[in-house]
Number of protein chains: 2
Amino acid sequence: MKTRIGILGYGNLGRGTEIAVAAAEDMELAVVFTRRDPSAVKILTEGVPVVKAEEMADWADKIDVLILCGGSATDLPVQTPQCAALFNVIDSFDTHARIPEHFANVDQAAKAGGHVAMISVGWDPGLFSLNRVYANAILPNGKDYTFWGKGVSQGHSDAVRRIPGVKNAKQYTIPVEKALEAVRNGEDPELTTREKHLRECFVVLEEGADAAEVEQQIKEMPNYFVDYNTIVHFINEEEFQANHSGMAHGGFVFRSGKTGVNLENSHIIEYRLTLDSNPEFTTSVLVAYARAVKRMFDEGQRGCKTVLDVPPAYLCTQSGDELRAHFL
Amino acid sequence: MKTRIGILGYGNLGRGTEIAVAAAEDMELAVVFTRRDPSAVKILTEGVPVVKAEEMADWADKIDVLILCGGSATDLPVQTPQCAALFNVIDSFDTHARIPEHFANVDQAAKAGGHVAMISVGWDPGLFSLNRVYANAILPNGKDYTFWGKGVSQGHSDAVRRIPGVKNAKQYTIPVEKALEAVRNGEDPELTTREKHLRECFVVLEEGADAAEVEQQIKEMPNYFVDYNTIVHFINEEEFQANHSGMAHGGFVFRSGKTGVNLENSHIIEYRLTLDSNPEFTTSVLVAYARAVKRMFDEGQRGCKTVLDVPPAYLCTQSGDELRAHFL
């Protein structure tokens, strides 16, 4: 019997989840829950019901894992604990500083409801976290580096769009090549914010807006831009739509560590992601971990989990024998 | 109480293990077992006994995990099952094709003895295996690539040394930069053996040996060299000792995968190791996983395990709360 998956929220993440579930031979999409009018939500899979979120409780015995596809700012802090009372759930909560608080809330709800709830699954937090943990355990004497990009920062794009005179904007975070090379070469550099990442903005102006004034406002914006070298390009709406509607992202996690009687030997562990579609990759991670959620629940585990609690084999459809023969 | 570690075999791996245990605040080295005359084995740590391997059984209750530091060809197939009857054990068995057979033997012995026995821990098999498994689970539509080097191949160095007229030799396996770039660019190339790796040999000749003849014998050697582009340098013994006594190694694991309704989006996952000392890095991995062996044993698990069975958090000294707050 296939693992029955539910989706809550049908934006980029919901659609990406639907695609990833279709690619998983051991899973089937059972239902999509939405806070919108269900008749206005057109999904890709034929024959799967789209249901009002308020009616979720009716589905408690009809799905094995609910994949939460809302945002971290306001949706998930409320939805994940609520849904963990009804279902095994998994989310991609990515506000790093609030993970301990979210974990505590979700853990309580999942234990009370008798479910497994996995949080903060994706690539950062998620795969990048895994790599930080493995690398720190293996090389206790060392330094960590995380670089993001080249990719779109939604928060920085939004910040530029809020400037008067800006019609549309996209901001790319770009790791500085020289910094990457210094880390790769084992130089263990101390890097300032400015030395690690560049910011590049593509901006469409409202008619009559003052380009020089907008550029200055971007470059001097506290928190978002003032500590970075920022490049601003002004383009027209056609070029914007043609070249800047993608959702590519990626990044690098490094650990540079030393071993030896006198720490005379250096080792570099590098993990790199280059992603055409941030939401489709994130949901591919979510769906693989949904497989683990089902397995951990079937084993009798309960409560809140993260990627750090999951044996890698639990992400796979293959048996232990197959994995050892083909991947080890 | 610290985890008490035993070591069997005091070559490069044994010494690396001793160094890694000293760097682990939660572990202590309890004993080194050797098949040599114990009085001839000088270890780094003061006060730790060096004991004949035949006396291992006397130590059954005095160590928590025995780290096996023998070779995969003849030592580990015998030692790991034998020792799993007496202790929790961990090895770095790396003959990929024989892992299923080794697993079966060790599993039987460990279950009969009531212990946890972890096999094939290191970087390949080990960390590279983990990355293949994670990446395949996340991107089911895709292609895998593994490159090794730049690093010393012991087997190829030995093969060159067996040629008459060769006094000393070291062989480096080098990934072809053009192939790496094609994979990184998402071109999904089909690569022949020759297109993936170069082989570079540094050879010291016996007096009076014919360099041209030796070079031809190397380049035409079946299995080892004939399918590769091979570069041969003849050097003198001084240069050999000065520049070619290191044990650097490393390599790359890639998965290139596609997502999307029409598989229109490409993603590249790259994992790269650059290691000054192959044995010291391998033993750093072994020691981190020895921590997991102890924890799995304390939980009541028994039998043979691999890295695929271990939750990442089990490698760490930190609590779940600390890991979530600092690494997730």
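Not measured: the values here are computed from a predicted model. All residue numbers refer to positions counted from 1 along the written sequence of the respective chain. Just so you know, chain letters begin at A and ligand numbers begin at 1, following the order they were written in. Where totals are concerned, whole chains, interfaces and linings use all residues; where local detail is concerned, this predicted model gives features only for residues with pLDDT of at least 70, and gives and counts side-chain atom pairs only at 80 or more. Neither water nor hydrogens contribute to the side-chain values; these are computed over all heavy atoms in the structure.

Looking at this structure, I do not really get the overall build of chain A. What am I missing?
Each helix is a run of H or I in the DSSP string that is no shorter than four residues. Each strand is a run of E no shorter than two, and both are numbered from the N terminus. Counting its regular elements, chain A contains eleven helices and 14 strands. Two things to know: the radius of gyration comes from C-alpha atoms, and the globule rule equals 2.2 Å times the number of residues to the power 0.38. Radius of gyration (C-alpha) of chain A: 22 Å, near the 20 Å computed for a compact globule of 328 residues. Residue burial is assigned from relative accessible area. The probe radius is 1.4 Å, only protein chains are included, and a residue is buried under 20% of its type maximum, exposed over 50%, and partly exposed in between. Going through the 328 residues of chain A one by one, you find that 57% of them count as buried. In this analysis, two residues are considered to be in contact whenever any of their non-hydrogen atoms come within 4.5 Å of each other. The long-range share in chain A, meaning contacts at least 24 apart out of those at least 6 apart in sequence, stands at 69%. Per-residue accessibility takes into account occlusion by the displayed protein chains alone, with areas from the Shrake-Rupley method and a 1.4 Å probe. Surface summary for chain A: the accessible area is close to 13,700 Å², and the carbon and sulfur share equals 47%. Both charge centroids of chain A, one from 32 positive and one from 45 negative side chains, sit 3 Å from each other. Counted charges follow a simple rule, with Lys and Arg positive, Asp and Glu negative, and His plus the chain ends left uncounted. Lysine's charge is taken at NZ, arginine's at CZ, aspartate's at CG and glutamate's at CD.

Is there a simple way to think about the interface of chain B and chain A in this case?
In this assembly, 65 residues from chain B lie in contact with 64 residues from chain A. For the pair chain B and chain A, the summed buried surface comes to about 5,400 Å²; carbon and sulfur atoms form 66% of the total. Considering only the side of chain B, the residues that lose the most area to chain A are R324, F327 and L328 of chain B, jointly responsible for 15% of the buried surface there. Salt bridges are counted wherever a side-chain nitrogen of Lys or Arg sits within 4 Å of a carboxyl oxygen of Asp or Glu. At the boundary of chain B and chain A, one finds zero salt bridges. Put simply, the parts of the chain that give the side of chain B that touches chain A at least two residues each are α1 (12-22), α3 (99-113), α4 (127-138), β13 (265-275), α10 (278-298) and α11 (320-326) of chain B. What counts as buried area is the accessible surface, traced by a 1.4 Å probe, that two parts surrender upon association, with contributions from both included.

How should α10 of chain B be read in this particular structure?
Along an α-helix, residues three or four apart share an orientation, since each turn contains 3.6 residues. Residues and elements named next belong to chain B. Take the number of residues in a helix, subtract one, and multiply by 1.5 Å to get its expected span. Spanning 21 residues, α10 covers 31 Å between terminal C-alpha atoms, matching the ideal 30 Å at 1.5 Å per step. Within α10, 16 of the 21 residues are buried, leaving the element largely enclosed by the surrounding structure. Polar contacts, as counted here, are pairs of nitrogen or oxygen atoms within 3.5 Å of one another; within protein the pair requires one atom able to donate a hydrogen and one able to accept it, and residues that are adjacent in sequence qualify only if both atoms are side-chain atoms. Taking the backbone nitrogen of E280 as reference, a side-chain oxygen 3.1 Å away marks S277 as the first, capping residue of α10. Just downstream of α10 lies G300, where phi reads positive at about 100°.

What's the story with the sheet that holds strand β10 (residues 197-205) of chain A in this structure? I'm lost.
Sheet strands pair by backbone hydrogen bonding; their relative direction is either parallel or antiparallel. Residue and element names in this part refer to chain A. We call two strands paired when DSSP finds no fewer than two bridges between them. Read from one edge to the other, the open sheet built from four strands follows the order β8-β9-β10-β11, with strand pairing classed as mixed. With one partner strand each, in any of the chains shown, β8 (151-152) and β11 (229-234) form the two edges of the open sheet. Across two bridges, the pairing between β8 and strand β9 (residues 166-175) is antiparallel. Along β9, the bridge assignment pairs V152 with Y172. Axis definition: a line fitted to C-alpha atoms, limited for helices to the stretch in contact. Angles are taken between N-to-C directions and run from 0 to 180 degrees. Contacts from helix α5 (residues 154-161) reach β8, β9 and β10 within the one sheet, and its direction differs from that of β9 by about 145°. Sheet contacts for helix α8 (residues 211-219): β9, β10 and β11; angle to β11, the most-contacted strand, approximately 150°.

Looking at this structure, I do not really get the pairing of β11 of chain A. What am I missing?
Side-chain positions along a regular strand alternate between the two faces of the sheet. Residues and elements named next belong to chain A. Pairing of β10 with β11, which is carried by six bridges, proceeds in the parallel orientation. The residue bridging V203 from the neighbouring strand is F234, located in β11. Looking down the strands as they point away from the viewer, one classifies a crossover as right-handed if the path from the first strand across the helix to the second runs clockwise. The parallel pair β10 and β11, bridged by α8, forms a crossover whose chirality is right-handed.

Is there a simple way to explain the nonpolar core in this structure?
Soluble globular proteins tend to bury their nonpolar side chains together. We define the nonpolar core as a collection of buried residues of types Ala, Val, Leu, Ile, Met, Phe, Trp, Tyr and Cys that are connected through side-chain atoms lying within 4.5 Å of one another. Formed by 160 residues in total, the largest nonpolar core has its most connected members in Y289 of chain A together with Y289 of chain B. When residues no more than four places from it in sequence are discounted, the contact partners of Y289 of chain A are I90, M118, V121, L130, V307, V310 and L315 of chain A together with Y134 of chain B.

Quick question: what am I supposed to make of α3 of chain B here?
All names here are of chain B. Its 15 residues give α3 an end-to-end C-alpha distance of 21 Å, which sits within 8% of 21 Å, the value for a rise of 1.5 Å per residue. Taken residue by residue, α3 has I99, H102, F103, V106, D107, A109 and A110 as its buried positions. Once α3 finishes, G114 follows within two positions and takes phi at roughly 75°, a positive value.

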